[in-house]
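# Structure assessment
For reference, the chains in residue letters:
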Amino acid sequence: TVPEIRALKLFQNKKNSKKKGQIVPTSDKVHHHKYYQPYGIYLTPLKHKPIKMFEIGLGCNMKYGPGASSHMWKSFFTHEKFELWMAEVDEKCVAKKQEELQSLGVNAVSGDQGNVEDVRRWMKESKGNFDIVIDDGSHRNVDMLVSFQEIWKHVKPGGIYFIEDLVFTREP
């Protein structure tokens, strides 16, 4: 619905909602790339359901800081049994943010999405069975292919798999 899409678009980071008098968007999902449009359309019907979600890319290299989208998802999905898993290549960043993420009820794993063994470990640790997967990781085609081939098997029938920033490139 339109109001739900607007709500996702306007979502703010609760910890730092103002900066020099301006609203600071939570992640590039809602301000730069406008993913709020497809997310609003496809995820709004799931908003109040017990969803298990896996997102690749904690955002450790982003200026707004790691874990920003986890705040957005934890606020958007309202069911008490919403379960969020996040994966990040930067192991030190995950270790640094682990306590904060755990306090939000977010599970974090580290590893390289282009490494089959790492992705298999993520699925084993999380026990798979995801309703939603979002790949916002390396943005390298070869890595996205590896993680898709391993994770797709762990998406429930009727589940949704988003790949952000998928572009044609001659580079792997």
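Reading guide: rules and limits
- Residues numbered from 1 in each chain as written.
- Predicted model: local features only at pLDDT ≥ 70, side-chain atom pairs only at ≥ 80, totals over all residues.
- Heavy atoms only, no water.
- Helix = DSSP H or I, 4+ residues; strand = E, 2+ residues; numbered from the N terminus.
- Contact = heavy atoms within 4.5 Å.
- Areas by Shrake-Rupley, 256 points an atom, 1.4 Å probe, with all protein chains shown as cover.
- Salt bridge = Lys/Arg side-chain N within 4 Å of Asp/Glu carboxyl O.
- Buried < 20%, exposed > 50% of the residue type's maximum accessible area, 1.4 Å probe, protein only.
- Axes fitted to C-alpha atoms, helices over the stretch in contact; angles between N-to-C directions.
- Parallel < 35°, antiparallel > 145°, perpendicular 65-115°, else oblique.
- Nonpolar A, V, L, I, M, F, W, Y, C, P; charged D, E, K, R; others polar.
- Pairing = 2+ DSSP bridges.
- Right-handed = clockwise from strand over helix to strand, strands pointing away.

## Quick notes on the overall build of the chain
- Regarding its fold elements, the chain presents six helices and seven strands.
- Counting from the amino terminus, the chain carries its helices and strands in the arrangement α-β-β-α-β-α-β-α-β-α-β-α-β.
- Taking as baseline every contact in the chain between residues at least 6 positions apart, the subset at least 24 positions apart corresponds to 71%.
- As presented, the chain carries roughly 9700 Å² of accessible surface, and 53% of it is formed by carbon and sulfur atoms.

## Considerations on the environment of glutamate 80
- Tracing the chain through its elements places glutamate 80 in the loop between helix H3 (68–76) and strand E4 (83–88).
- For the pair glutamate 80 and proline 50, spaced 30 residues apart in sequence, the C-alpha separation works out to 7.1 Å.

## Some thoughts on the pattern of salt bridges
- All chains considered together, the criterion is met by seven salt bridges.
- For arginine 120, the salt bridge goes to glutamate 117, with nearest N and O atoms at 3.3 Å. Of this pair, arginine 120 and glutamate 117 both sit in helix H5 (residues 116–126), three residues apart, roughly one helical turn.
- Arginine 120 gets classed as partly exposed once you look at its relative accessible area, which sits at 41%.
- The partner of arginine 121 in a salt bridge is aspartate 118, with the nearest N and O atoms 3.4 Å apart. In this pair, arginine 121 and aspartate 118 both sit in helix H5, three residues apart, roughly one turn of the helix.
- By relative accessible area, arginine 121 is classed as partly exposed at 34%.
- Look at aspartate 118 and you get buried, because its relative accessible area is 18%.

## Observations regarding the packing of H3 against helix H4 (residues 91–104)
- The N-to-C vectors of H3 and H4 enclose an angle of 5 degrees; their axes lie 11 Å apart at closest approach. As the angle between them shows, H3 and H4 are arranged roughly parallel. Facing H3, whose interface residues are Ser70, His71 and Lys74, H4 presents Glu100, Leu101 and Leu104.
- Its residues assigned to classes, the contact of H3 with H4 shows two nonpolar, two polar and two charged.

## Points about the sheet that holds E4
- Taking strand neighbours across the sheet as the criterion, the five strands line up as E5-E4-E3-E6-E7 in an open arrangement whose pairing is parallel. Looking at the sheet topology across the chains shown, the edges are occupied by strand E5 (106–110) and strand E7 (155–163). Going from strand to strand, the sheet's axes swing by 15 degrees on average, the running direction of each strand aside.
- Packing against the sheet, H4 makes contact with E4 and E5, and its axis sits at approximately 170 degrees to E5.

## A word on the pairing of strand E6 (residues 130–135)
- With respect to burial, E6 is a largely interior element, six of its six residues being buried.
- Where strand E3 (residues 52–56) and E6 come together, four bridges link them in parallel fashion. What sits directly across from methionine 53, in E6, is isoleucine 132.
- With five bridges joining them, E6 and E7 adopt parallel strand pairing. Bridge pairing links isoleucine 132 to isoleucine 160 in E7.
- Crossover E6 to E7 through helix H6 (residues 141–151) is right-handed.

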